[in-house]
Amino acid sequence: MSDHTIRIEHQYLDLPSFFYSRVQPSPLNGAKMVCFNDELAADMGFHSANKDQWTAVGAGQKLLDGMDPVAMKYTGHQFGVYNPELGDGRGLLMWETIGPDQRRWDWHLKGAGQTPYSRFGDGRAVLRSSIREYLCSEAMHHLGIPTTRALFLVSARDPVRRESFETAATLMRVAQSHIRFGHFEYAAYHQGKDAVKTLADHTIRLYFPDLMSLPEDERYRQWLAAVVERTARLIADWQAVGFCHGVMNSDNMSIIGDTFDYGPYAFLDDFDAGYICNHTDQGGRYAYNRQPQTGFVNCQYLASSLTSLIPEDDIRSALRRYEQAYNGRFLQTMRDKLGLTDPLEDDLSLIMDTFSMLHQHNVDYTLFFRGLSTLSSRGPSTVRDLFINRSAADDWLQRYRQRLSQETVDDERRERAMCAVNPKYILRNYLAQQAIQDAQTGQYDTLHELLDVLKRPYDDQPQYEIYAKLPPNWGKHLNISCSS
Ligand code: AMP
Ligand code: MG
């Protein structure tokens, strides 16, 4: 199964038993391996992956020695409303392993069947949504944005009822941690202050070990500040790459600052500041331009659950870090995207005006920045061609060129640096949709090829030019089902 450099643990089970329920996976029939992430498996220390064995694990037909599956209990705020009934309703934490590089991995089998927290759900996941999660979590990783990962995806014959009958699937999601903000809300509002302290100690010991040497008060204070900062930086990364999460409920916020839970997400095609990717979000609570504020609100929910552990003043000062961390990261990333290495006072207004201009002219977000990255070698046409109103492009380019004239870095170096931060390939909705449609007929080549392209989003891959084009007409503004 693995080489002996991995260790098997299940430290989540050391928490009080009210944090979980032991549940066996409900087996699926006719399981097939759709994707297996060989590189990740190797990183995790699983060198001699036996695919049949993993298929059986994915199908809930087999447990490996040491696996002791549990459904985690958490609660959380969904669309601003507290829901005490949450928890892993269809996923199971199988075990934790520690790889040859000493990194810890939680293994979470999503779609494994019903649990005590399933409420009215069937405990299953469908092939369509599992492929979307696999694709996007890997795409985010290769873009350099913190995220959960996808280890393997298994499809099955069992029908699952959504808007219509679909194919069942499971995804082995792995991450350093599956602890969410909502775990702390559950501890605080249902189990009391000892539970909050136990969970915080567990979290800090495993995921923030550098803080262990500090005196307790200082440790908790710095920990909350670190979580707030990681969250702020994560969301700045989303904004800069044009990623919309879609369901930023506090049960979908990772305590270590990973992008967590891929549902109705989307990358922006044409820039639209108010874009809402989740069509059940009628009020646009989680629209693209509301994500930074929502990240902060989620940090407030987390902070409110920690009042028994951290004095109010310390909580307030930790929360104040959000804005600073967000602005700092966002400004730096946007400067990098524009190729500005010598900071100037006016850069922020250039950046904000650029967003307004992109919004006004509905310019493709990814191709705009990629086009800018080769402005001096290839000329302005790749950028200009993205505009219906060419004179708007020319006006903006004139201002931009003027700003570049104040740079000391030469064009060639700037182009190289810009290509390394402005992706050429992103997971456009229509690309995911093509891969899903083919997979639903049992043809997985499209999916595998797309995964391959997304491994090197910043490199020119001449054989895959087609993946870097504007979406075709049918692929614009797709109404993707949000059910999963
Ligand atoms: P999500 O919207 O995916 O973040 O899920 C919110 C809550 O609903 C979590 O507690 C999930 O475990 C649960 N859930 C979602 N889909 C299902 C399902 N098909 N069966 C059981 N529970 C589900
Ligand atoms: Mg969720």
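Residues numbered from 1 in each chain as written. Chains lettered and ligands numbered in written order. Predicted model: local features only at pLDDT ≥ 70, side-chain atom pairs only at ≥ 80, totals over all residues. Heavy atoms only, no water.

When you go through the protein residue by residue, the secondary structure sums to 16 helices and 13 strands. Taken against the 2.2 N^0.38 rule, which gives 23 Å for 484 residues, the C-alpha radius of gyration of the protein at 23 Å falls within 12% of a compact globule. If you line up the protein on its principal axes, its C-alpha atoms span 65 × 60 × 45 Å. Per-residue burial for the protein yields a buried fraction of 58% across its 484 residues. Put simply, of all contacts in the protein between residues at least 6 apart along the chain, 72% involve residues at least 24 apart. (Helix = DSSP H or I, 4+ residues; strand = E, 2+ residues; numbered from the N terminus. Rg over C-alpha atoms; globule rule 2.2 N^0.38 Å. Buried < 20%, exposed > 50% of the residue type's maximum accessible area, 1.4 Å probe, protein only. Contact = heavy atoms within 4.5 Å.)

It is worth spelling out the coordination of the magnesium ion (ligand 2) at this point. Summarising the metal site, the magnesium ion (ligand 2) is bound by the protein donors Asn252 (OD1) and Asp261 (OD), whose distances to it range over 1.9 to 2.2 Å. Using a relative accessible area of 7% as the deciding quantity, one classes Asn252 as buried. (Donors = N, O, S within 2.8 Å, 3.2 Å for Na, K, Ca; no water.)

Moving on, we come to the site of ligand 1. Around ligand 1 lies a shell of 17 residues, among which Gly87, Gly89, Arg119, Asp122 and Gly123 are the nearest. Interatomic distance of 2.7 Å between a backbone N/O atom of Gly89 and an oxygen atom of ligand 1. A distance of 3.0 Å separates a nitrogen atom of ligand 1 from a polar atom in the side chain of Asp122. Notes on ligand 1: free accessible area 490 Å², of which the protein chains cover 80%. Placement of ligand 1 is best described as lying within the largest pocket. Grouping the constituent residues of the shell around ligand 1 by class yields two nonpolar, seven polar and eight charged. (Near = heavy atom within 4 Å. Polar contact = N/O pair within 3.5 Å; in protein donor to acceptor, adjacent residues only side chain to side chain. Areas by Shrake-Rupley, 256 points an atom, 1.4 Å probe, with all protein chains shown as cover. 1 Å grid on protein atoms, 1.4 Å probe; cavity = no way out; pocket = protein on both sides within 12 Å on 5 of 7 lines; lining within 4 Å. Sits in = over half its atoms within 2 Å of the grid points. Nonpolar A, V, L, I, M, F, W, Y, C, P; charged D, E, K, R; others polar.)

This next bit is on the domain arrangement of the protein. The domains assigned to the protein are domain 1 (7–175) and domain 2 (181–335). The C-alpha-based centres of domain 1 and domain 2 are spaced at 22 Å. Contacts between domain 1 and domain 2 engage 34 residues on the former and 39 residues on the latter. Around 3100 Å² of area is buried between domain 1 and domain 2 when both sides are counted, 63% of it from carbon and sulfur atoms. Together, His77, Phe79 and Arg132 form the three largest contributors to the area buried by domain 1 at its contact with domain 2, with a combined 21%. Between domain 1 and domain 2 we count one salt bridge in total. A salt bridge links Lys110 to Asp261, with the nearest nitrogen and oxygen atoms 3.6 Å apart. One can count 16 residue pairs in polar contact (both at pLDDT 80 or more) joining domain 1 with domain 2. Broken down by secondary-structure element, the contributors of at least two residues to the side of domain 1 that touches domain 2 are strand E5 (76–78), strand E8 (104–110), helix H3 (127–143) and strand E11 (165–175). (Domains from an automatic or database assignment. Buried area = accessible area lost by both parts, 1.4 Å probe. Salt bridge = Lys/Arg side-chain N within 4 Å of Asp/Glu carboxyl O.)

Turning to the pattern of salt bridges, a few remarks are in order. It is possible for side chains of opposite charge to pair when their charged atoms get near one another. If you walk through the whole model with that rule in mind, you get 37 salt bridges. Here Arg22 ties to Asp68 by a salt bridge, and the two come within 2.8 Å at their closest N and O atoms. A residue pair is termed long-range when its members are at least 10 positions apart, and Arg22 in strand E2 (residues 20–22) and Asp68 in the loop between helix H2 (51–58) and strand E4 (70–72) qualify at 46 residues. Given the relative accessible area of 51%, Arg22 is considered exposed. The class for Asp68 is partly exposed, based on a relative accessible area of 22%. The salt bridge involving Arg390 is made with Asp385; its shortest N-O contact spans 3.2 Å. A residue is classified by how much of its surface remains accessible, and Arg390, at 34% relative accessible area, is partly exposed. Here Asp385 falls in the partly exposed class, since its relative accessible area comes to 47%.

This model, assessed by the stated rule, comprises three cavities of 30 Å³ or more. Two domains share the lining of the largest cavity, each providing at least three of its residues, namely domain 1 (7–175) and domain 2 (181–335). The calculated volume of the second largest cavity comes to roughly 40 Å³. In terms of lining residues, the second largest cavity is bounded by Thr231, Leu234, Trp238, Asn252, Met253, Ser254, Gly257, Asp258, Thr259 and Phe260. (Points joined across faces, edges and corners; volume = space filled by probe spheres on them.)

Once that is clear, we can look at the packing of aromatic side chains. Following the criterion strictly, the structure yields 33 aromatic pairs and no others. Here the aromatic rings of Phe368 and Phe369 are separated by 5.1 Å at their centres, their planes lie at 85 degrees, and the arrangement is edge-to-face. No difference in accessibility class separates Phe368 from Phe369, as the two residues are buried. Here the aromatic residues Phe271, Tyr288, Tyr326, Phe330, Phe355, Tyr365, Phe368, Phe369, Phe387, Trp396 and Tyr400 are joined through ring pairs into a cluster of three or more. Here the guanidinium or amino end of Arg132 rests over the ring plane of Tyr265, the centre of that ring lying 4.1 Å away. Lys337 extends its terminal NZ or CZ atom over the ring of Phe369, reaching a point 4.7 Å from the ring centre. (Phe/Tyr/Trp six-rings, centres within 6.5 Å; stacked < 30°, edge-to-face > 60°. Lys NZ or Arg CZ within 6 Å of the ring centre and 35° of its normal.)

What follows deals with the environment of Asp346. Locating Asp346 in the fold gives a position in the loop between helix H8 (312–338) and helix H9 (347–361). Put simply, Asp346 and Ser137 are 209 residues apart on the chain and 35 Å apart in space, counted from C-alpha to C-alpha.

Along the polypeptide, Glu185 turns up in helix H4 (residues 181–191). Buried Glu185, no salt bridge; nearest opposite-charge side chain is Arg180, N-O distance 10 Å. The contacts of Glu185, once residues within four sequence positions are left out, are Thr75, Gly76, His77, Tyr82, His190, Ser250, Tyr301 and Ser305. (Lys, Arg positive; Asp, Glu negative; His and termini not counted.)

Moving on: the nonpolar core. For soluble globular proteins, the rule of thumb is that nonpolar side chains tend to be buried together. Ranked by internal contacts, the top residues of the largest apolar core, which has 123 residues, are Leu135, Trp223, Phe368, Leu372 and Leu427. No other element matches the 14 residues that helix H6 (residues 216–241) contributes to this core. Two domains share this core, each providing at least three of its residues, namely domain 1 (7–175) and domain 2 (181–335). With residues near it in sequence (within four places) discarded, Trp223 still touches Phe184, Ala200, Thr203, Ile204, Phe208, Leu211, Ile255 and Leu306. Ranked by size, the runner-up nonpolar core spans 26 residues in total, among them Phe36, Leu40, Ala41 and Phe46. (Core = buried A, V, L, I, M, F, W, Y, C linked by side-chain atoms within 4.5 Å.)

Attention now moves to the pairing of E8. The element E8 is largely enclosed, with a buried count of seven among its seven residues. Burial of the side chains of E8 extends over both faces: Arg104, Asp106, His108 and Lys110 are buried on one face and Trp105, Trp107 and Leu109 on the other. Looking at chain direction, strand E7 (residues 91–98) and E8 are connected through seven bridges and run antiparallel. Across the sheet, residue Gly91 finds its bridge partner in E8, namely Lys110. Linking two consecutive strands that pair antiparallel, namely E7 and E8, is a turn of five residues; a positive phi of about 70 degrees is found at Gln102 within it. Where E8 lies against E11, five bridges are found, and the strand directions are antiparallel. (Pairing = 2+ DSSP bridges.)

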